[in-house]
Amino acid sequence: MSTSDSPMQNLLLAALPRAEFDRLSVHLELVKMSLGEVLYEAGGLLKYVYFPTTSIISMLYVLENGASAEIAIVGNEGILGISLFMGGETTPSRAVVQSQGYSYRLKSEHLKDEFNRAGPVLRLLLRYTQALITQMTQTAVCNRHHSIEQQLCRWLLLSLDRLPSDNLKMTQELIANMLGVRREGVTEAAGKLQKMGLIKYTRGNIEVIDRPRLEKTVCECYAVVKAEFDRLLKNIPQGDPKHILGASDRRSNPKRSDKVDTNNRQNDN
């Protein structure tokens, strides 16, 4: 397994103690995530949870008329599928791949078994859930009170925090669906940011070229979300689960599957 395929790229997996990691790692499966791929539909049974490494997943709420808006994103800092261990087997949101890459997936029963041990995995997942709820809450406030330009800045920065580069492959139509706004609004907002020299936008690709100024342009919502993730996940106090396996200690060999049913992952197997 190469370094680029390592489960250690996911911060939650990297934070697990050795015993917990060893129990889960034998069941992890590396899967390729394609842009726009639907992982969950609202109301669907959660047969898998996902630990993104180089991909980003968007959680969307879809209305009866087909309109949608993003409520949160999940990247290498977290896990997709919190409804599973919060008492439900389904989710009210749709999960769509926002940025292509890779992720490790785990059958739901393995995560539930580990969560029900009421040990380090439970404590770590509850910390992450609290941070995710903060992101959801702040997204709702931002969408209601801030301009499309500010929302786009927040969305770009949160996405970049979960990617290894400053480039995003994303169409304006997909961004509009994420933000729950008209495509024309995204075009205008992206144009303003490009004229300011903050981003470079070409068809299907956004490159951030001046992040410090982008951070000055964004509303306070980005800082609130980032601070909560840092407080709960990056600054783990002593006594809580925290470890990083060295390259020589990676004894697991998670299964790899580049070919996954892109129409309905949760119905695999």
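Residue A118 is not a glycine yet carries a positive backbone phi of 55 degrees. On the accessibility criterion, A118 (54% relative accessible area) is exposed.

Okay, the sheet that holds strand β8 (residues 167-169) next. Strands sit in the order β8-β10-β9 across an open sheet of 3 strands; the sheet is antiparallel. A single partner strand is all that each edge strand has here, and the edge strands are β8 and β9 (199-202). Neighbour-to-neighbour, the strand axes of this sheet turn through a mean angle of 15 degrees, independent of strand direction. Across 3 bridges, β8 lies against strand β10 (residues 205-208) in antiparallel orientation. Within the sheet, the bridge partner assigned to L168 lies in β10 and is I206.

The subject of this paragraph is the pattern of salt bridges. Across all of its chains, the model carries 14 salt bridges by this definition. Of the charged contacts in the structure, one is a salt bridge between E41 and R94, with a shortest N-O distance of 3.0 Å. Taken together, the residues E41 in the loop between β2 (38-40) and β3 (48-52) and R94 in strand β6 (residues 94-99) connect sequence positions 53 residues apart. On the basis of relative accessibility, which here comes to 35%, the residue E41 falls in the partly exposed class. Judged by its relative accessible area of 26%, R94 is partly exposed. Among the salt bridges present, the one from R211 reaches E215, with a minimum N-O distance of 2.8 Å. Within this pair, R211 and its partner E215 are both found in helix α8 (residues 211-217), separated by 4 residues, close to a single helical turn. Residue classification places R211 among the partly exposed positions, given a relative accessible area of 23%. For E215, a relative accessible area of 37% translates into the label partly exposed. The structure contains a network of salt bridges with shared partners spanning E20, R23, E114 and R117.

Another aspect to go through is the packing of aromatic side chains. Inspection of every chain in the model, using the stated rule, returns 3 aromatic pairs. The positively charged end of R105 is found above the aromatic ring belonging to Y48, 4.0 Å away from the centroid. Stacked on the ring of F229, the Lys or Arg R162 has its end atom at 5.3 Å from the ring centre.

What follows concerns the pairing of strand β7 (residues 101-107). Burial analysis of β7 places 5 of its 7 residues in the buried class, the great majority of the element. Pairing of strand β1 (residues 29-33) with β7, which is carried by 5 bridges, proceeds in the antiparallel orientation. Counterpart to E29 in the pairing with β7 is R105. Of the pairings in the sheet, the one linking β3 to β7 comprises 5 bridges and is antiparallel in character. Bridge assignment links Y50 to a residue of β7, and that residue is R105.

Quick look at the confidence of the model for the protein chain now. Note that predicted coordinates carrying low pLDDT should not be read in detail. The share of residues in the protein chain with pLDDT of 70 or more is 86%, and the mean pLDDT across the chain is 84. Within the protein chain, no element has a lower average pLDDT than strand β11 (residues 255-257), which sits at 58, and none a higher one than β3, at 97.

Contact pair helix α4 (residues 120-145) / helix α5 (residues 148-160): the axes reach a minimum separation of 10 Å and the direction vectors enclose 155 degrees. What the angle tells us is that α4 and α5 run roughly antiparallel. As for the relative orientation of α4 and α5, their crossing is left-handed in sense. Between α4 and α5, the residues in contact are Q135, T139, C142 and N143 and Q151, R154 and L158, respectively.

Of note, P164 is situated in the loop between α5 and β8. Since its relative accessible area comes to 73%, P164 is described here as exposed. Separated by 110 residues in sequence, P164 and T54 place their C-alpha atoms 7.4 Å apart.

For the rest of this paragraph, the subject is the side chain of S83. By the secondary structure assignment, S83 is in the loop between β5 (68-74) and β6. In this structure S83 comes out as buried when scored by relative accessible area, which is 18%.

For helix α3 (residues 108-115), the set of buried residues is S108, L111, E114 and F115. Angularly, the buried residues of α3 cover 135 degrees about the axis, an arc narrow enough to put them on a single face. Of the surrounding secondary structure, the elements contacted by the buried residues of α3 are α2 (18-25), β3, β7 and α4.

Definitions and limits used
- Position numbers for residues count from 1 along each chain, tracking the sequence in the order it is written.
- Under the rules for a predicted model, residues below a pLDDT of 70 receive no local features and side-chain atom pairs below 80 are neither given nor counted, while totals for whole chains, interfaces and linings still include all residues.
- Just so you know, side-chain values use all the structure's heavy atoms and leave hydrogens and water out.
- Relative accessible area decides the class of each residue, using a 1.4 Å probe on protein chains only: under 20% of the type maximum gives buried, over 50% gives exposed, and in between gives partly exposed.
- By this definition, two strands are paired if DSSP reports at least two bridges between them.
- Numbering of helices and strands starts at the N terminus; helices are DSSP runs of H or I of at least 4 residues and strands are runs of E of at least 2.
- Note on geometry: axes are lines fitted to C-alpha atoms, helical ones only across the stretch in contact, with angles between N-to-C directions running from 0 to 180 degrees.
- Counted as salt bridges are all cases of a side-chain nitrogen of Lys or Arg within 4 Å of a carboxyl oxygen of Asp or Glu.
- Paired rings are identified among Phe, Tyr and Trp, the last through its six-membered ring, by centres lying within 6.5 Å, and are further divided according to the angle between planes into stacked (under 30 degrees), edge-to-face (over 60) and tilted (the rest).
- Two thresholds decide whether a charge sits over a ring: the Lys NZ or Arg CZ must be within 6 Å of the ring centre and within 35 degrees of the ring normal.
- Confidence per residue, as judged by the predictor, is encoded in pLDDT with a range of 0 to 100.
- Put simply, angles under 35 degrees are roughly parallel, angles over 145 are roughly antiparallel, angles from 65 to 115 are roughly perpendicular, and the rest are oblique.
- Two helices that cross are described as forming a left-handed crossing if the nearer one is turned anticlockwise from the farther one by less than a right angle, and a right-handed crossing if clockwise.
- Contact criterion: two residues are considered in contact whenever any of their non-hydrogen atoms come within 4.5 Å of each other.
- The arc in question is formed by the directions pointing from the helix axis toward the C-beta atoms.

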